[in-house]
Amino acid sequence: MDKQQSLASLAAEILEKNICPELAEQATQLVLGDGNPNADIVCIGEAPGKAEDTQGLPFVGASGRFLNEMLAAAGMERRDIYITNIVKYRPPGNRDPTPEEKKEFWPYLMRQLEIINPKVVITLGRHSGACFIPDLTISKDHGHARKVQYEAHEFLVIPLYHPAAALYNGSMRQVLIDDFVTAAELARTNR
Ligand code: URA
């Protein structure tokens, strides 16, 4: 089985096991992830929003457009990375996912990372970052790589602000772009 097939079978398993049934019931579809399963970089957001729920793809709304700008600044395109979220269904009304929902999806995220085996994990936003780095202070830690051990896995995690932050606060644009470029450089040189 190649990586794409392994990811497809993971999606099938999430559906079959009816993970987070209350979310599944209210969402249009599962949003497992998108991009290159052979990528050196996996970006992890929080949960799909309305546009993502409609299209079945992560980061295709306003935040996604800014993510595309961050990629372009690093000389990359979406097909150069893999993008996913901690929680794979849109929470109703775009509320924050609950700790239970994150916990239910966590083993599937771990399996996605196992399949893709990226050099660098970029978390997008405080909530996603805190899943990997419990003592995360995003204002202090953003853009700084940290080795994170989780059971048998070791990840090089770089926490970034959420791209949506740039939509509300113009001064965040450059911070996010600079942090992404740093992360991309690390992925090029790591290992
Ligand atoms: N915000 C996220 O955290 N994930 C998406 O897929 C879209 C917006």
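Please refer to the structure higher up on the page.
Predicted model only: the values in this text are computed from it and were never measured.

So, the state of the cysteines
Enumeration over the complete set of coordinates arrives at zero disulfides. There is no disulfide at C43, and the cysteine sulfur nearest it, in C131, is 15 Å away. C131 takes part in no disulfide bond, and the closest cysteine sulfur to it belongs to C20, at a distance of 13 Å. Look at C131 and you get partly exposed, because its relative accessible area is 24%.

What about the side chain of E46?
Structurally, E46 can be placed in the loop between β2 (41–45) and α3 (50–55). Notably, E46 is buried but unbridged: the nearest opposite-charge side chain belongs to K102, and the N-O separation is 5.5 Å. Residues within four places of E46 in sequence aside, it is in contact with N85, I86, V87, D96, P97 and H127.

A closer look at helix α4 (residues 62–73)
Its twelve residues give α4 an end-to-end C-alpha distance of 17 Å, which sits within 8% of 16 Å, the value for a rise of 1.5 Å per residue. Of the positions making up α4, those classed as buried are S63, G64, F66, L67, M70 and L71. Down the axis of α4, the smallest arc covering the buried residues is 160 degrees, so these residues share one side. Exposed and facing more than 90 degrees away from the buried side of α4 are R65 and A72. Of the surrounding secondary structure, the elements contacted by the buried residues of α4 are β3 (82–85), β4 (120–124), β6 (153–160), α8 (164–168) and α9 (172–189).

Thoughts on the nonpolar core
By size, the foremost hydrophobic cluster in this structure holds 59 residues, and its most contacted members are L113, I122, F132 and F180. In terms of residue count, the dominant contributor to this core is helix α5 (residues 99–116) (eight residues). With sequence-adjacent residues up to four places away left out, F132 is seen in contact with I44, I86, W106, L109, M110, L113, V121, T123, V148, F155 and V157.

What about a negative patch on the surface?
A contiguous patch of negative charge, built from E22, E25, E100 and E104, is present on the exposed surface. When contributions to the negative patch are tallied by element, the ones reaching two or more residues are α2 (21–26) and α5. With a relative accessible area of 54%, E100 lands in the exposed category.

So, the site of the ligand
Contacts to the ligand come from G45, E46, A47, P48, E52, P58, F59, N85 and H162. For the ligand, an oxygen atom lies 2.9 Å from a polar atom in the side chain of H162. Here the ligand, which alone exposes 230 Å², has 91% of that area covered by the protein. For the shell around the ligand, the per-class residue count stands at four nonpolar, three polar and two charged.

What counts, and at which threshold
- Residues numbered from 1 in each chain as written.
- Predicted model: local features only at pLDDT ≥ 70, side-chain atom pairs only at ≥ 80, totals over all residues.
- Heavy atoms only, no water.
- Disulfide = S-S within 2.5 Å.
- Buried < 20%, exposed > 50% of the residue type's maximum accessible area, 1.4 Å probe, protein only.
- Helix = DSSP H or I, 4+ residues; strand = E, 2+ residues; numbered from the N terminus.
- Lys, Arg positive; Asp, Glu negative; His and termini not counted.
- Salt bridge = Lys/Arg side-chain N within 4 Å of Asp/Glu carboxyl O.
- Contact = heavy atoms within 4.5 Å.
- Expected span 1.5 Å × (residues − 1).
- Arc of directions from axis to C-beta.
- Core = buried A, V, L, I, M, F, W, Y, C linked by side-chain atoms within 4.5 Å.
- Patch = residues over 30% accessible without salt bridge, like charges linked within 9 Å, V, L, I, M, F, W, Y side chains within 5 Å.
- Areas by Shrake-Rupley, 256 points an atom, 1.4 Å probe, with all protein chains shown as cover.
- Charge placed at Lys NZ, Arg CZ, Asp CG, Glu CD.
- Near = heavy atom within 4 Å.
- Polar contact = N/O pair within 3.5 Å; in protein donor to acceptor, adjacent residues only side chain to side chain.
- Nonpolar A, V, L, I, M, F, W, Y, C, P; charged D, E, K, R; others polar.

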